[in-house]
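# Summary of structural features
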Amino acid sequence: MTTRSLGEPIARLEDPRLLTGQGRYLDDIGHQALAAAFVRSPHAHARIADIDVADAVGVEGLVAVYTHEDLDGRAGEPLPLLIPHAALTHGRTAYALAKDEVNHVGEPIVMVVATDRYVAEDVCSRIVVTYDFLPPVVGIEAARAGELLVHDDVPGNVAAHMVQSRGDAAAAIDAAPHVLELDLDIERSASTPLEGKGVHARWDADDASLRVYTSTQASTSVRAALAARLELPPDRVEVIAPDVGGGFGVKIVHPWPEEVMVAWAAIRLGREVKWTEDRREHFVGAAHERGQLQHIRVGFDDDGRLLGLDVTVWHDNGAYTPYGIIVPIITTTQLLGPYKPGAYRAEFFSLYTNTVTVTPYRGAGRPQGCFAMERTMDAVAAHLGLDRTVVRERNFIRPDEMPYDHGLIFQDGRPLIYDSGDYPATLEKLKKLVGWDEFEAFRAEARAAGRRVGIGIACYVEGTGVGPYEGGWVKVETDGTVIAATGLTTQGQGHKTAFAQVVASELGVPVERVNVTTGDTRRFGYAVGTFASRAAVMSGNALASAARKVRDKALRVAGEALEADPRDLEIVDGVVRVVGSPAGAPGTTIPLATVAVLANPLRYAFDREAERATQFGGPVDYSKPPVAEGDSPGLEDTGYYSPPRSTFANGMHAAVVETDPDTAEITILRYCVVHDCGTLINSRIVEGQIHGGVAQGVGGALYERMVYDGAGQLLNASFMDFLMPYSTEVPVVETDHLETPSPLNPLGIKGAGEAGVIPGSAVLASAISDAEGFAITRMPISPSDLYALRLRAAGEGDTP
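The rules behind each value
- Residues numbered from 1 in each chain as written.
- Predicted model: local features only at pLDDT ≥ 70, side-chain atom pairs only at ≥ 80, totals over all residues.
- Heavy atoms only, no water.
- Pairing = 2+ DSSP bridges.
- Helix = DSSP H or I, 4+ residues; strand = E, 2+ residues; numbered from the N terminus.
- Axes fitted to C-alpha atoms, helices over the stretch in contact; angles between N-to-C directions.
- UniProt positions renumbered as here; feature names shortened; annotations may be inferred.
- 1 Å grid on protein atoms, 1.4 Å probe; cavity = no way out; pocket = protein on both sides within 12 Å on 5 of 7 lines; lining within 4 Å.
- Points joined across faces, edges and corners; volume = space filled by probe spheres on them.
- Nonpolar A, V, L, I, M, F, W, Y, C, P; charged D, E, K, R; others polar.
- Expected span 1.5 Å × (residues − 1).
- Buried < 20%, exposed > 50% of the residue type's maximum accessible area, 1.4 Å probe, protein only.
- Salt bridge = Lys/Arg side-chain N within 4 Å of Asp/Glu carboxyl O.
- Core = buried A, V, L, I, M, F, W, Y, C linked by side-chain atoms within 4.5 Å.
- Contact = heavy atoms within 4.5 Å.
- Disulfide = S-S within 2.5 Å.
- Domains from an automatic or database assignment.
- Buried area = accessible area lost by both parts, 1.4 Å probe.
- Polar contact = N/O pair within 3.5 Å; in protein donor to acceptor, adjacent residues only side chain to side chain.

The chain goes by CO/xanthine dehydrogenase Mo-binding subunit in an unreviewed UniProt entry, where it is assigned to Jiangella mangrovi.

Structure follows, in structure tokens:
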């Protein structure tokens, strides 16, 4: 198919390669490399008394054993705290290999390098670590009590405390006609991408250069971090993200201990070294998210309009804070959704526990915030006996109030100002899509048949496209192929298709002629990373900028060749032509490939195309140099996009569920989504993102949780025990779109990567509550949980 139009739902260009087994993931690289394995702490909290490797040194195939004592220079320092914040008064990060103390099960203590992974694992099993046990802090309640400490120098286990407010929320609530208080609980979950982490490093001693392949969401940032940690000039370090089998946030953290250690060992040994994470390592050695307790106090009038909202969040940040306090900041700012709650106050405490470190997971604090706000909206509606959509609609920010300034500071350190959106229109679309007004008839019919059904709704706003910048580079080759590169990485989002569409549309070429490279510091050295639904906004606009520059130069060069004013030229399907000229008219068209040849004056002729560009290849104006001052050879350019603040996408989900009266099994009958991410580059890709997000949202709402015992042991650290929804549990997703372009960028686009997951717990809690007739305040919820709630509602049991 040939197209150049932004917005066409073309099939993903990368899929034929990926679906025919031609993907190249981390473990497909470096088959001859030495293998690394790690001895990890089996205890949640302990001092390391001794490390005995005597029984390991004689194993055939062993190459090296490293402990923290071997780490020289900056490699032996604590890993960086990537996003410092004034409110993070007690930030702590781990060492690449534990020094003196371990603070969660899975923390790496010893690195073994051997001829293969089997030998490395055998050696690990022979190393004896002696521990002096310390009492673990497990769970938010234990951390909040502060009787036991994770870090001796962190009073009360409080890593951070932050308050943001607008107006006097306490006074507004006290004066309100109605006041409600809610306590809400979201449990831990994790990204669990199909491909875990992995690193391969190769040191070239002659060139004093390091090449690292890593399954990451931030190759340029990994390069900077490794250069700093290993004390190398940045230009001597190359980092490449090969095909990445899912990230969902966990791979934005960098450098992971393993990234430092594998590269460090490759330099010390002068050999290629590789480590590929196994599934249990990912559960206990990567990162989790979601775990929060939330208290809400809300005041409202007789019509359900909020007058004041006061939220307190206790956030479990696990053992360390390498990614700062982004998650609770997002919760307390994105909680507001599409609403204007009158006076607002949000306070959070970020607490240490002896559990796996918490960093952003797809949605990054928003699912918890959405759960808090939407449960509040449902509670207000129930208190007043109003339709839930009516209460929401009465509290919406109106389109004519955009841009809307909440008076708070967002996670990027910039004002929380919504750029655009039409929330009443989104709600109207959703009500029609799900048949909200007809649901009572369906409920009555189901009830007559002995069935119990309910309908739920949840709304959200998502800050996307956070800065500071991204860049893009575009070049037209002399065969007409267009190559483009951007520094951020891709983990299956369809970037190569969407970016190709942007470049093709701006440049006027068939989309099939555009080849896109991402996440390779050899091709583009300046970037931030793929997270926070920012790729399309940031790199899309950067590539568009680069393509426009290339287009302008192409028209200039073509104008000289055709003796035409560039303003009278256009590029259509890779051919520059005089506007309005008939196809094929002599002297009015020139292929873009030929323009690329003419844009690069050559001395040597390598082929027929190059021959046309030599200094003897055509008419020459001897008064001018071959390359004009300020110009450059070739048809290529670079563009950057740096926004003043985030764009804000939005959406609304509705779900219809059935709960079994006997078994309490929960079945999703319908799941409807209306989504607004501004200008659509490719609706098929956006819908794919939404479907994947909904699947993760269903998992987070009904199945997935991290089960810790009191000793800090994760009891379900495998895919045999960590319950995920199969395709049979993921509903058919019915989707509609609204497009309110962002005024903040030339393309008018907003992000879409995380949208599907954000309202999952909120909308399903709303639907289950509607089916059962009592409030759901804790997610995820299992059939056993629901059954216990039924008993409690009937006065026959305790809270699950």
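There is more to say, and it comes next.
Two strands in a sheet stick together by hydrogen bonds in their backbones, pointing the same way (parallel) or opposite ways (antiparallel). Spatially, β3-β5-β1-β12-β9-β10-β11 is the arrangement adopted by the seven strands of the open sheet, whose pairing is mixed. The outermost strands of the open sheet, each flanked by one partner alone, are β3 (62-66) and β11 (237-240). For this sheet, the mean angle separating the axes of adjacent strands, direction not counted, is 20 degrees. Taken together, the four bridges between strand β10 (residues 209-214) and β11 define a ladder with parallel strand orientation. Along β11, the bridge assignment pairs Val 212 with Val 239.

On to the UniProt feature "domain: Aldehyde oxidase/xanthine dehydrogenase a/b hammerhead" (unreviewed entry) in the chain, then. Here, UniProt's "domain: Aldehyde oxidase/xanthine dehydrogenase a/b hammerhead" (unreviewed entry) annotation points to residues 20-135. Structurally, residues 20-135 comprises 9% helix and 29% strand, and the distance from its first C-alpha atom to its last is 51 Å.

We now examine empty space enclosed by the protein. Throughout the structure, instances matching the rule amount to six cavities of 30 Å³ or more. Taken as a whole, the largest cavity spans an internal volume of roughly 240 Å³. The wall of the largest cavity is formed by 23 residues, among which Leu 79, Ala 94, Trp 256, Pro 257 and Thr 357 lie closest to the centre. Split into classes, the residues belonging to the lining of the largest cavity amount to 13 nonpolar, seven polar and three charged. In this structure, the second largest cavity occupies an estimated 140 Å³ of space.

Turning our eyes to something else, we now look at helix α13 (residues 495-507). With 13 residues, α13 extends 18 Å from end C-alpha to end C-alpha; this agrees with the ideal 18 Å at 1.5 Å per step. When you tally the buried positions in α13, you get eleven out of 13 residues, the bulk of the element. When we look at burial in α13, the residues that qualify are His 495, Thr 497, Ala 498, Phe 499, Ala 500, Gln 501, Val 502, Val 503, Ala 504, Glu 506 and Leu 507. Once α13 finishes, Gly 508 follows within two positions and takes phi at roughly 80 degrees, a positive value.

In total, this model carries 53 salt bridges according to the counting rule given. Across the pair Lys 553 and Asp 631 runs a salt bridge, and its minimum N-O distance is 3.3 Å. Highlighted residues: Lys 553 in helix α14 (residues 535-562) and Asp 631 in the loop between α16 (608-611) and β25 (636-641), separated in sequence by 78 residues. A single network of salt bridges, built from pairs that share partners, joins Arg 40, Arg 117, Glu 121, Lys 197, Glu 258, Glu 277, Asp 278 and Glu 281.

Turning our eyes to something else, we now look at the nonpolar core. Nonpolar side chains in soluble globular proteins generally cluster together in the buried interior. Counting 119 residues, the largest nonpolar core has Tyr 418, Leu 702, Leu 764, Met 779 and Ile 781 as the members making the most contacts within it. Leave out the neighbours within four places in its chain, and Tyr 418 touches Leu 336, Gly 337, Ile 397, Met 402, Pro 403, Tyr 404, His 406, Tyr 423, Val 461 and Phe 648.

It is worth spelling out the state of the cysteines at this point. Disulfide: a covalent bond connecting the sulfur atoms of a pair of cysteines. Applying the stated criterion across every chain yields a total of zero disulfides. Not part of a disulfide, Cys 672 finds its nearest cysteine sulfur in Cys 459, a span of 14 Å. When its relative accessible area of 0% is taken as the criterion, Cys 672 is described as buried.

This part covers the domain arrangement of the chain. Considered domain by domain, the chain is made up of domain 1 (32-134 + 197-244 + 251-285), domain 2 (288-466 + 644-794) and domain 3 (469-641). The straight-line distance from the C-alpha centre of domain 1 to that of domain 3 is 42 Å. Facing 16 residues of domain 1, the contacting portion of domain 3 comprises 18 residues. It is Gln 217, Thr 220 and Val 244 that lose the most area in domain 1 upon contact with domain 3, and together they represent 40% of the buried surface on that side. Counting across the domain 1 and domain 3 interface gives zero salt bridges. For the pair domain 1 and domain 3, the number of links is nine residue pairs in polar contact (both at pLDDT 80 or more). Secondary-structure elements contributing two or more residues to the side of domain 1 that touches domain 3 are β10, α5 (219-230) and β11. Grouping the amino acids of the side of domain 1 that touches domain 3 by side-chain chemistry returns eight nonpolar, five polar and three charged.

On to the side chain of Ser 221, then. By the element assignment, Ser 221 lies in helix α5. A residue is classified by how much of its surface remains accessible, and Ser 221, at 18% relative accessible area, is buried. Polar side-chain contacts of Ser 221 include one of 3.2 Å to the backbone oxygen of Val 528. Residues within four places of Ser 221 in sequence aside, it is in contact with His 254, Ala 527 and Val 528.

Before going further, it helps to examine the sheet that holds strand β18 (residues 453-464). The strand order β18-β26-β27-β28 describes an open sheet built from four strands, whose pairing is mixed. Only two strands of the sheet have a single neighbouring strand rather than two, namely β18 and β28 (733-737). Neighbour to neighbour, the strand axes of the sheet diverge by 15 degrees on average, direction disregarded. In the sheet, strand β27 (residues 666-676) pairs with β28 via five bridges, with the strands oriented parallel. Among the inter-strand pairings, Tyr 671 is bridged to a residue of β28, identified as Val 733. With respect to the sheet, helix α17 (residues 683-702) is in contact with β26 (647-659), β27 and β28, its orientation differing from that of β28 by roughly 130 degrees.

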